[in-house]
Amino acid sequence: MMKLQFNTGSVLSEIKILAHQGKQYLPDVTAVEVPGIFRGRPVILATAGSSGDETDTQQLIDFCPTGAISGEPLSIDMGKCVFCGECQRAFPSRIRFTKDYRISSFTRNGLIVREGQDSPIVMDPKLVREEIRKYFSKSLKLRQVSAAGDNSCEWELNAAGNVNFDMGRFGIEFVASPRHADGIVITGPISKNMAEPLQICYDAVPQPKIIVLAGTDAISGGIFAGSEALDRSFLIKYTVDLYVPGNPVHPLTLINGLLSLIRGK
Ligand code: SF4
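Source: prediction; values computed, not measured.

Calculation notes
- Residues numbered from 1 in each chain as written.
- Predicted model: local features only at pLDDT ≥ 70, side-chain atom pairs only at ≥ 80, totals over all residues.
- Heavy atoms only, no water.
- Patch = residues over 30% accessible without salt bridge, like charges linked within 9 Å, V, L, I, M, F, W, Y side chains within 5 Å.
- Areas by Shrake-Rupley, 256 points an atom, 1.4 Å probe, with all protein chains shown as cover.
- Salt bridge = Lys/Arg side-chain N within 4 Å of Asp/Glu carboxyl O.
- Helix = DSSP H or I, 4+ residues; strand = E, 2+ residues; numbered from the N terminus.
- Buried < 20%, exposed > 50% of the residue type's maximum accessible area, 1.4 Å probe, protein only.
- Polar contact = N/O pair within 3.5 Å; in protein donor to acceptor, adjacent residues only side chain to side chain.
- Contact = heavy atoms within 4.5 Å.
- Domains from an automatic or database assignment.
- Buried area = accessible area lost by both parts, 1.4 Å probe.
- Pairing = 2+ DSSP bridges.
- Right-handed = clockwise from strand over helix to strand, strands pointing away.

S.K.: Got a minute to help me understand a nonpolar patch on the surface in this structure?
M.R.: Among the surface-exposed residues, Val-11, Leu-12 and Ile-15 lie close enough to one another that they form a single nonpolar patch of about 270 Å² accessible area. Here Ile-15 is to be found in helix H1 (residues 8-21).

What follows is the structure, given as structure tokens:
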């Protein structure tokens, strides 16, 4: 009979490492205190602060370099915002950024935060196509397409799969081939040069397939919006299933958005 042999020293050293490092994954991705200077969902304060600053709406609109702030009603479009935080620094009595990272939306309009609104972004499950929950609730494979991205969102998407965020525990993974994927995640503003590769990649994904836009550049073109170097006609042809704002996106924003899409959580 074969004898099992244990190397006690090795086992003990493994236990010591586990005890030292603790749990590396975030047990609950819906309730994390994000450290540092992370800027999530913005809030436009309805009334002037204690400083008595009666900031003119037009001043705020003119101030934003990406045109994310607009009037009537005063609002911030998270699909255009690059989360630079300059408006908060210049007008602290009117704008502040919360650390709420659950800011994805099933609709483009859902990314718009209006004056006086300080509540989580609502994700209405009725807006999700029936086949998405039916086929992908337990397993979702995605092909990432960097369509002239600057590698910032791409890094964060990569991070979503690391030991800390551990997106794989939910059955969500990035795969190498579109033929093995259930959908695509687009980053970058979609340059003319990337328009055709994006189309080819999308065509190679079997039906039913989903489209996710990750990051400000993908959602609106970001600081490149209106550039002649872009060709965003792909987005006119197809319906986007999930918008994940951020510049770059935070892994927790992506994971929570995808979980809402496939499981309604
Ligand atoms: S954070 Fe920057 S991009 Fe966003 S609304 Fe403020 S100024 Fe505009």
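That was the structure; now back to the text.
S.K.: Just to check I follow, could you spell out the environment of Ser-260 for this structure?
M.R.: For Ser-260, the position within the fold is in helix H9 (residues 251-263). You can call Ser-260 buried: its relative accessible area is 8%. Each C-alpha atom, one on Ser-260 and one on Val-128, is 9.2 Å from the other, the two residues being 132 residues apart in sequence.

S.K.: What should I look at first to understand the side chain of Thr-98 in this one?
M.R.: Mapped onto the elements of the fold, Thr-98 is located in the loop between strand S4 (95-97) and strand S5 (112-114). Look at Thr-98 and you get buried, because its relative accessible area is 11%. Within the local environment of Thr-98, its side chain forms a polar contact with the backbone oxygen of Arg-41, the two atoms lying 2.7 Å apart. Excluding its chain neighbours within four sequence positions, the residues that come into contact with Thr-98 are Phe-38, Arg-39, Gly-40, Arg-41, Val-43 and Asp-118.

S.K.: Is there a simple way to think about the domain arrangement of the protein chain in this case?
M.R.: Accessible area lost upon the coming together of the parts serves often as the stated size of an interface. Per the domain assignment, the segments of the protein chain are domain 1 (42-114) and domain 2 (125-263). Summarising the inter-unit geometry, the C-alpha centres of domain 1 and domain 2 are found 25 Å apart. Listed as interface residues are 16 residues of domain 1 and, on the opposing side, 22 residues of domain 2. Summed over the three residues of domain 1 that lose the most area to domain 2, namely Tyr-101, Ser-104 and Phe-106, the buried surface amounts to 43% of that side. On inspection of domain 1 and its partner domain 2, the count reaches zero salt bridges.

S.K.: What exactly am I supposed to notice about the pairing of strand S9 (residues 210-214) here?
M.R.: Along any regular strand, the residues point their side chains to alternate faces of the sheet. For S9, a buried count of five out of five residues is recorded, marking the element as mostly surrounded by other parts of the structure. Going residue by residue along S9, you find Ile-210, Val-212 and Ala-214 tucked away on one face and Ile-211 and Leu-213 tucked away on the opposite face as well. Summarising the sheet, strand S8 (residues 183-187) and S9 pair through four bridges and their orientation is parallel. Of the residues in S9, the one forming a bridge with Ile-186 is Leu-213. Note on the crossover from S8 through helix H6 (residues 192-204) to S9: the handedness is right-handed. As paired elements, S9 and strand S10 (residues 242-244) share three bridges and run parallel to each other. Across the sheet, Val-212 pairs through a bridge with Leu-242, a residue of S10.

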